[in-house]
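Spelled out, the chains give:
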Amino acid sequence: MIQLFNVTKSYGGESAAVKDLTIQIPKGDFVYVTGASGAGKTTFLRMLYAAEKPTKGQILVNNQNITRIRSSQIPYLRRKIGVVFQDFKLLQSRTVYENVAFALEAQGKKRYEVSKKVYQALKEVGLEHRLQRKPLELSGGEQQRIAIARALVVDPLILLADEPSGNLDMEVTLDIMELFKKANARGTTVLLATHDHSLHQRFPRRVITLEKGKLITDQQSHHS
Amino acid sequence: MLENIRYFFRRAIRNMQQWPLLCSAAILTMAVALATVATFFLVVVNVEQLAANWTREIQVIAYLEDAPTARELPGLFAKLENFPEVEKVKYISPSDAMARFKSRLADEASLLEGVDRNLLPASFELMLKAKFRNQDGIDRVIERLDNTINVEDLRYGQKWLERFNTFVGMLRFISLILGSFLIFAALFIVSNTIKLTLYARRDELEIMALVGATMRFIKIPFLLEGALQGLLGGVVSLGFLAISFHLLIKRSLTSFWLTPTDLNLLFMTPGQQLMLVIAGVMLGILGSLTSLRRFVRF
Ligand SMILES: Nc1ncnc2c1ncn2[C@@H]1O[C@H](COP(=O)(O)OP(=O)(O)OP(=O)(O)O)[C@@H](O)[C@H]1O
Ligand SMILES: [Mg+2]
């Protein structure tokens, strides 16, 4: 459950990046966040994992008010949230296995537990045969699948994806959408920021549209 | 817990293997700084030792107007021995003095034949306790002597010893200043070296924070890395010092301005060696801490 009440985020410039946003996203929802470049999509997602603090308003994630969260509590919030980026953010010097294991190790998970889960997560994205490769030896689509495996290996309540297919072609994008849908089917709330309207035509879901930081439409899909 | 510790060590060691150049730069910087500071320390310790050897000979000799009688002597002796500054008292009777004089004259001793054997004055030789072997201590003893017995003449430690002590004090002061300056310089360089390694790994730090690693969890491997580098730096500097010291001793045995017996050079005690290595570890940890503060933030 994600709730925003009159949230405004200003970086100090003339106009705020996000303005007076009030949104409710129930657990298990699948939501597209769309809008032109600079509309505030990234800012919106970043506030959800406490990378930015709202200037005004309240944000509740899983009934926890994260508006004034103490920095020592941020790690525990992030353990419930998987994040996927356009540029993957993989460690080039580490193997595929290590990249995915990283998320579990960071949470202090036991070693045998780590190897089991990493294998499962990589199998989920179809890359269990690439364990010992380095990210740069793989295609962009494969790298993004590793990043998704890293986000999902911790069984997050929420999955945030910021233009995850921005650098990928249609075929690969569809593969990745399948992964998001599978995660969503298991109960993970998914927020997907994208310019790409074709995605929502293929997989109709709730669409939140931002314009200059304001919420202009919030369409529920008939399919969900 | 054990799992975490193993993980931290694995991470720290992997990091060092991954950036061997930066890592060796940090170790070498610390080694050079520690070795330099330790060299200062050794110079001071050895000069101090030399000074202590020389000042051991500082004593006050009081020549008496009249030799005390056999009955007076024990009382006087006790009084002098009770001076808080005095370690040992030796009484030289006129005949003792004459005997010494004779032995010094050796072949010419016959010159003294027929001379009154009480010609030379009786004297007390006062050895001072170590901490009073300076001008101040001598002055105090002289004052006490003046109030106790009839002194005809006094002889005591030469002025140059006083100057030498001033020199040692100054040396100690300069070493302290230079030493702490060096330590700060080392800290600065180490911290910057570690900052470079952190900069090289900023992606990793960012991703760790992103996937929910706690501050502690992010920092500990880097602190450990700093500590390990400091440990190595300390050991390297110790090895370097030990080898140089050994070579110095060997050289000085064959040719040097001081004979080997004079030159009983001191090296660091095992405790001091341990301190040096611990100082390296602290230096590494501090260096990491100061640079981590800049880099790891939520
Ligand atoms: N760190 C920042 N400092 C200052 N201004 C920022 C910062 N991040 C974003 N902005 C501004 O906030 C506004 C919203 O940016 P944001 O990145 O949220 O938009 P977006 O919808 O994600 O755009 P895009 O589709 O290009 O990724 C923009 O005007 C941007 O310039
Ligand atoms: Mg964006």
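Worth saying up front: this structure is predicted, and the values here are computed from it rather than measured.

### Some points on the site of ligand 1
All names here are of chain A. The environment of ligand 1 is formed by Y11, A17, A36, S37, G38, A39, G40, K41, T42, T43, E163 and H195. Contact distances for ligand 1 include 2.5 Å between an oxygen atom and a side-chain N or O atom of S37. A distance of 3.2 Å separates an oxygen atom of ligand 1 from a polar atom in the backbone of A39. In isolation ligand 1 has 630 Å² of accessible area, and contact with the protein removes 55% of it. Residue classes in the shell around ligand 1 are distributed as 4 nonpolar, 6 polar and 2 charged.

### A word on the pattern of salt bridges
All names here are of chain B. If you walk through the whole model with that rule in mind, you get 20 salt bridges over all chains. The partner of R144 in a salt bridge is E85, with the nearest N and O atoms 2.9 Å apart. Here R144 is found in helix α5 (residues 135-148), whereas its partner E85 is found in the loop between α3 (72-81) and β2 (86-92), with 59 residues between them in sequence. On the accessibility criterion, R144 (30% relative accessible area) is partly exposed. Among the charged side chains, a network of salt bridges with common partners joins E85, D136, R140 and R144.

### Points about the environment of A:T209
Residues and elements named next belong to chain A. Looking at the secondary structure, you find T209 in strand β9 (residues 206-211). Considering only alpha carbons, one finds T209 and V33, 176 residues apart in sequence, at a separation of 5.9 Å. Not counting residues within four places of it along the chain, the set of residues in contact with T209 comprises T34, G35, K214, L215, I216 and T217. Reaching out from T209, the side chain makes a polar contact with the side chain of T34 at a distance of 3.3 Å.

### Description of the domain arrangement of chain B
Looking at the assigned domains, one finds that chain B contains domain 1 (2-54 + 162-295) and domain 2 (59-156). On a C-alpha basis, the centres of domain 1 of chain B and domain 2 of chain B stand 52 Å from each other.

### Here we look at the interface of chain A and chain B
On the chain B side, the residues contacting the 24 residues of chain A number 22 residues. Counting each side, the surface lost to burial between chain A and chain B is near 2,000 Å², with a carbon and sulfur contribution of 59%. Summed over the three residues of chain A that lose the most area to chain B, namely A:R78, A:F102 and A:R111, the buried surface amounts to 27% of that side. The tally of links from chain A across to chain B stands at 3 salt bridges. When the shortest N-O distance is used, the salt bridge between A:K89 and B:E206 registers 3.4 Å. Between the two partners, chain A and chain B, sit 6 residue pairs in polar contact (both at pLDDT 80 or more). Looking at the side of chain A that touches chain B residue by residue, the class counts come to 10 nonpolar, 4 polar and 10 charged.

### What to know about the pairing of strand β3 (residues 30-34) of chain A
All names here are of chain A. Among the 5 residues in β3, 5 count as buried, and that is most of the element. The side-chain alternation of β3 yields two buried faces, one formed by F30, Y32 and T34 and the other by V31 and V33. Pairing between β3 and strand β8 (residues 189-193): 4 bridges, direction parallel. Note on β8: the bridge partner recorded for V31 is L191.

### Focus: the packing of aromatic side chains
Aromatic ring pairs are reported here in terms of the distance separating the ring centres and the angle at which the planes meet. One pass over the structure, following the stated rule, counts 7 aromatic pairs over all chains. Grouped by ring-pair contacts, the aromatic residues B:Y7, B:F8 and B:F217 constitute a single cluster. Of note, A:R205 hangs over the ring of A:F30, and the distance from its end group to the ring centre comes to 5.6 Å. The ring of B:Y199 has B:R202 lying over it, and the distance from NZ or CZ to the ring centre is 4.0 Å.

### Here's the deal with the packing of helix α3 (residues 96-105) of chain A against helix α4 (residues 111-124) of chain A
A pair of packed helices is captured by two measures, namely the crossing angle of their axes and the spacing between those axes. Residues and elements named next belong to chain A. Interhelical geometry of α3 versus α4 gives an angle of 115 degrees and a closest axis separation of 9 Å. The interaxial crossing formed by α3 with α4 has right-handed handedness. For the pair formed by α3 and α4, the contact residues are V96, Y97, V100, A101 and L104 on the first element and V114, S115, K117, V118, A121 and L122 on the second. Residues that form the contact of α3 with α4 fall into these classes: 9 nonpolar, 1 polar and 1 charged.

### Some points on the sheet that holds strand β2 (residues 18-25) of chain A
Residue and element names in this part refer to chain A. Here 4 strands make up an open sheet; going across it, the order is β2-β1-β4-β5 and the pairing antiparallel. The strands lining the two open edges of the sheet, one partner per strand, are β2 and β5 (64-65). Strand contacts of helix α1 (residues 41-48): β1 (2-9), β2 and β4 (56-61), with the helix running at about 125 degrees to β1, the strand carrying the most contacts.

### Examining the nonpolar core
All names here are of chain A. Counting 68 residues, the largest nonpolar core has Y32, V100, L122, M177 and F180 as the members making the most contacts within it. Excluding anything up to four places from it in sequence, V100 contacts V118, A121, L122, I146, A149, R150 and V153. Counting 32 residues, the second largest nonpolar core, distinct from the first, contains F44, L45, V83 and F85.

### Comments concerning the environment of A:T95
Residues and elements named next belong to chain A. For T95, the position within the fold is in the loop between β6 (81-85) and α3. Sequence-wise, T95 and T42 are 53 residues apart; in three dimensions their C-alpha atoms are separated by 28 Å. Residues within four places of T95 in sequence aside, it is in contact with L131, Q132, R133 and K134.

Rules behind the numbers
- Residues numbered from 1 in each chain as written.
- Chains lettered and ligands numbered in written order.
- Predicted model: local features only at pLDDT ≥ 70, side-chain atom pairs only at ≥ 80, totals over all residues.
- Heavy atoms only, no water.
- Near = heavy atom within 4 Å.
- Polar contact = N/O pair within 3.5 Å; in protein donor to acceptor, adjacent residues only side chain to side chain.
- Areas by Shrake-Rupley, 256 points an atom, 1.4 Å probe, with all protein chains shown as cover.
- Nonpolar A, V, L, I, M, F, W, Y, C, P; charged D, E, K, R; others polar.
- Salt bridge = Lys/Arg side-chain N within 4 Å of Asp/Glu carboxyl O.
- Helix = DSSP H or I, 4+ residues; strand = E, 2+ residues; numbered from the N terminus.
- Buried < 20%, exposed > 50% of the residue type's maximum accessible area, 1.4 Å probe, protein only.
- Contact = heavy atoms within 4.5 Å.
- Domains from an automatic or database assignment.
- Buried area = accessible area lost by both parts, 1.4 Å probe.
- Pairing = 2+ DSSP bridges.
- Phe/Tyr/Trp six-rings, centres within 6.5 Å; stacked < 30°, edge-to-face > 60°.
- Lys NZ or Arg CZ within 6 Å of the ring centre and 35° of its normal.
- Axes fitted to C-alpha atoms, helices over the stretch in contact; angles between N-to-C directions.
- Left-handed = near helix turned anticlockwise from the far one by under 90°.
- Core = buried A, V, L, I, M, F, W, Y, C linked by side-chain atoms within 4.5 Å.

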